[in-house]
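An overview of the molecular structure
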Amino acid sequence: MNEEHHFGKSLKQEGVSALGADVFYKRAPFSVTHIERYNQSTEEHMTLQRQDIDVSISFEDGRTNLVSEKFREHDYNDLLLEVYSKYPHTKGWIHKSNAERLAYFFPKRMLWIDKKALCAFCLKHLFPLVEKEAIERLLSQEANSLKVGLRLNDKVYSCILTQAFNRMGKDSWNTVSVSVPFSMLQDFNIRIQEFKL
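Below: a short report on this structure. This one's a predicted model, so the numbers in the text were calculated from it and none came from an experiment.

1. Looking at the packing of aromatic side chains
If you walk through the whole model with that rule in mind, you get 14 aromatic pairs. Here the aromatic rings of Phe30 and Phe59 are separated by 6.0 Å at their centres, their planes lie at 45°, and the arrangement is tilted. Pair noted here: Phe30 is in the loop between helix H1 (7-26) and strand E2 (34-37) and Phe59 is in the loop between strand E3 (55-58) and strand E4 (64-71), with a separation of 29 residues, a long-range link. For the residue pair Phe30 and Phe59, the accessibility class agrees, reading buried in each case. A network of ring pairs unites the aromatic residues Phe24, Tyr25, Phe30, Phe59, Phe71, Phe105, Trp112 and Phe195 as a single cluster.

As structure tokens, then:
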């Protein structure tokens, strides 16, 4: 049976996780000199949030990165990519991202991913394979996930299509995502660096 995802609770947990992320950014090897979080308190912050930018971090050498952050409670050794934020009308964060890097936090490691390359790969190659039929099949069943084999360049990758039913006040919607193995990203030359937490 489909489990309800508590959107408000997730937002609160992200706030707690962001504090841990800041500690990570301040220590070596990142050793950032400035962190600015966009927490939805102003119109400027909301504009950046809508562009999938959670934080900007500045380094000693003068570089600044606009970063999208994702936090997962468990390490399933895959990357969860949101296809639809609110199915079928609102597409997910990949479609609207202007972030330069994705900081993907698991409990014991963080993956630092080239976000521009990831977005280009998803929009050109991956998401067109996540057919509407498969999504409709997922949404009509009594489970939260559906295993799918996606063929890219004559190689089949085992992926998982997932749905999360959300409710906030009187609003309710389904978020649809696909979990992909890191080997798929490596095969398409998407740069990923791993750091221990």
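Here the narrative resumes.
2. Looking at the sheet that holds strand E8 (residues 109-114)
The six strands are arranged E2-E3-E4-E7-E8-E12 in an open sheet whose pairing can be described as mixed. The open sheet has two edge strands, E2 and strand E12 (192-196), and neither has a second partner. The average angle at which neighbouring strand axes cross in this sheet is 25°, direction not considered. With five bridges connecting them, E8 and E12 associate as antiparallel partners. Residue Trp112 lies in a different strand from E12, and its bridge partner there is Gln193.

3. Some words on the pairing of strand E7 (residues 101-105)
Counting buried residues along E7, five of its five residues qualify, which places the element largely inside the surrounding structure. Of the two faces of E7, the one carrying Arg101, Ala103 and Phe105 and the one carrying Leu102 and Tyr104 are both buried. Bridge analysis of E4 against E7 gives five bridges, and the strand direction is parallel. For Val67, the partnering residue across the bridge sits in E7 and is Arg101.

4. Re the nonpolar core
Within the largest apolar cluster, 37 residues are counted, with the highest numbers of intra-cluster contacts made by Leu79, Leu81, Leu118, Leu126 and Val178. Counting residues per element, this core draws most heavily on helix H4 (residues 115-126), at five residues. Membership of the second largest hydrophobic core comes to 15 residues, among which are Phe30, Ile35, Ala103 and Phe105.

5. A closer look at H4
Helical geometry: 3.6 residues make up each α-helical turn, so side chains three or four residues apart lie on a common side. Along H4, the residues classified as buried are Lys115, Leu118, Cys119, Phe121, Cys122 and Leu126. Down the axis of H4, the smallest arc covering the buried residues is 165°, so these residues share one side. Where H4 begins, one side-chain oxygen reaches toward the backbone nitrogen of Lys116, 3.2 Å away; that side chain belongs to Asp114.

Rules used throughout
Residues numbered from 1 in each chain as written. Predicted model: local features only at pLDDT ≥ 70, side-chain atom pairs only at ≥ 80, totals over all residues. Heavy atoms only, no water. Phe/Tyr/Trp six-rings, centres within 6.5 Å; stacked < 30°, edge-to-face > 60°. Helix = DSSP H or I, 4+ residues; strand = E, 2+ residues; numbered from the N terminus. Buried < 20%, exposed > 50% of the residue type's maximum accessible area, 1.4 Å probe, protein only. Pairing = 2+ DSSP bridges. Axes fitted to C-alpha atoms, helices over the stretch in contact; angles between N-to-C directions. Core = buried A, V, L, I, M, F, W, Y, C linked by side-chain atoms within 4.5 Å. Arc of directions from axis to C-beta. Polar contact = N/O pair within 3.5 Å; in protein donor to acceptor, adjacent residues only side chain to side chain.

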